[in-house]
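Okay, here's what each chain looks like letter by letter:
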Amino acid sequence: MVATASAQPAPEPPPVTAGSKLFDEGRDLAKAGKYAEACAKFDQSYALDNGVGTELNLADCHEHLGHFAQAWRYFDEASHRSADNAGRAKFAHDRAEALSGKLATAVVNFVDPNVVGISVTIAGRAVKANGVITERVDPGAIAVHVATPSKVLFDATKSAAAGATVIFDVPAAPAEAPHDDEAAPEDRRHKRLLVAYTIGGVGAATLATGIAIGFVSYLHYRTDSSGCRKEGSQLACTEPFLTRVGDDGHLADVGTYVSVIGIAVIATGAVVYLTAPKDLVVTPMASNQTAGLAISGRF
């Protein structure tokens, strides 16, 4: 028998994704020494697929551009992410260690890192607030900025050479100054009085309307009842006077209801007025006939 070996199909290449395409473009640019353009491609690729390989190339790219602190962060993170690959972990760790001597260290100490809405930037990079923050930075002028959405709490800049450490002590956030509320009672009083006057005016107008309706109904009743005759305490009317007198009575009832509503609204305005804040001054008074207290103020 003659044994024959069947040809195995070649493995299919991995599919080309947007991230891998950008990665390849970045590699080509880096080989050509165009590191700024290469970093841009690696950044875009890393945003789509944050693989360790892309991160290492991104770190190398930043190192070539002199962004040592950024390169160190990428190498350091890649070394921790490569626990399953000892060779790659050592490579990333060694590259990070090689950059350490080119960096400065900023230490930021907080008295109170738990201020609501606090934001912290060190050398232009946003970091999470903590009691003590240690950040590796490029040497030179190092700025620390601490703020809330409403105010700047701390802003300082110090210079540090490679290998040096600078320390920033952020004091406790100042207590909010109490607002001057002296005008508040007067303002509340003024608003309350305006409401009282408005309610009282509406009530007076309503009462006047009710009285006018009642007066009109009275005039109509006098005219319409002239065609009726009294039988005891009752009026005996024939049509059309009977219908007219009934309508006059209904109109009088409406006037009464409107008047009662107006009086109630006026009473409400009076209550609002009387309960408005008042500045009272109590002064003792005495004479050879009487003694007592005088009360004055704004009502």
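For the structure given in this document, a descriptive report is provided here. None of the values given here were measured: they were computed from a predicted structure.

## A few points about the pattern of salt bridges
And step 1. If you walk through the whole model with that rule in mind, you get eight salt bridges.
And step 2. Here Lys21 and Glu25 are joined by a salt bridge, their closest N and O atoms 2.7 Å apart. Of the two residues, Lys21 and Glu25 are both situated in helix 1 (residues 18-31); the distance of four residues between them amounts to about one turn of the helix.
And step 3. The partly exposed category is assigned to Lys21, whose relative accessible area is 48%.
And step 4. By relative accessible area, Glu25 is classed as partly exposed at 25%.
And step 5. Between Arg95 and Glu63 there is a salt bridge, and its shortest N-O distance comes to 2.8 Å. You can see Arg95 sitting in helix 5 (residues 86-100) and its partner Glu63 sitting in helix 3 (residues 52-64), a full 32 residues away along the chain.

## Here's the deal with unusual backbone geometry
And step 1. We note that Ala123 has phi near 55°; this positive angle belongs to a residue other than glycine.
And step 2. Tracing the backbone shows Ala123 in the loop between strand 2 (119-122) and strand 3 (125-127).
And step 3. With relative accessibility at 44%, the residue Ala123 sits in the partly exposed group.

## Quick look at the sheet that holds strand 7 (residues 165-170)
And step 1. The three strands lie next to each other as 4-1-7, forming an open sheet whose pairing is mixed. Of all strands in the sheet, those bounded by a partner on one side alone are strand 4 (132-137) and strand 7. Here the strands of the sheet are splayed against their neighbours by 20° on average, with no regard to which way each runs.
And step 2. Here strand 1 (residues 104-110) runs beside strand 4; their pairing, made up of six bridges, is antiparallel. In the sheet register, Val108 faces strand 4, and the bridge partner there is Ile133.

## Observations concerning helix 5
And step 1. The end-to-end C-alpha distance of helix 5 is 21 Å, a good match for the 21 Å that 15 residues give at a rise of 1.5 Å each.
And step 2. Inspection of helix 5 places Ala89, Ala92, Ala96, Leu99 and Ser100 among the buried residues, and these make up the whole buried set. Projected down its long axis, helix 5 carries its buried residues within an arc of 115°, all on one side. Along helix 5, exposed side chains directed more than 90 degrees from the buried face belong to Ala86, Gly87, Lys90 and Ala98.

Thresholds applied
- Residues numbered from 1 in each chain as written.
- Predicted model: local features only at pLDDT ≥ 70, side-chain atom pairs only at ≥ 80, totals over all residues.
- Heavy atoms only, no water.
- Salt bridge = Lys/Arg side-chain N within 4 Å of Asp/Glu carboxyl O.
- Helix = DSSP H or I, 4+ residues; strand = E, 2+ residues; numbered from the N terminus.
- Buried < 20%, exposed > 50% of the residue type's maximum accessible area, 1.4 Å probe, protein only.
- Pairing = 2+ DSSP bridges.
- Axes fitted to C-alpha atoms, helices over the stretch in contact; angles between N-to-C directions.
- Expected span 1.5 Å × (residues − 1).
- Arc of directions from axis to C-beta.

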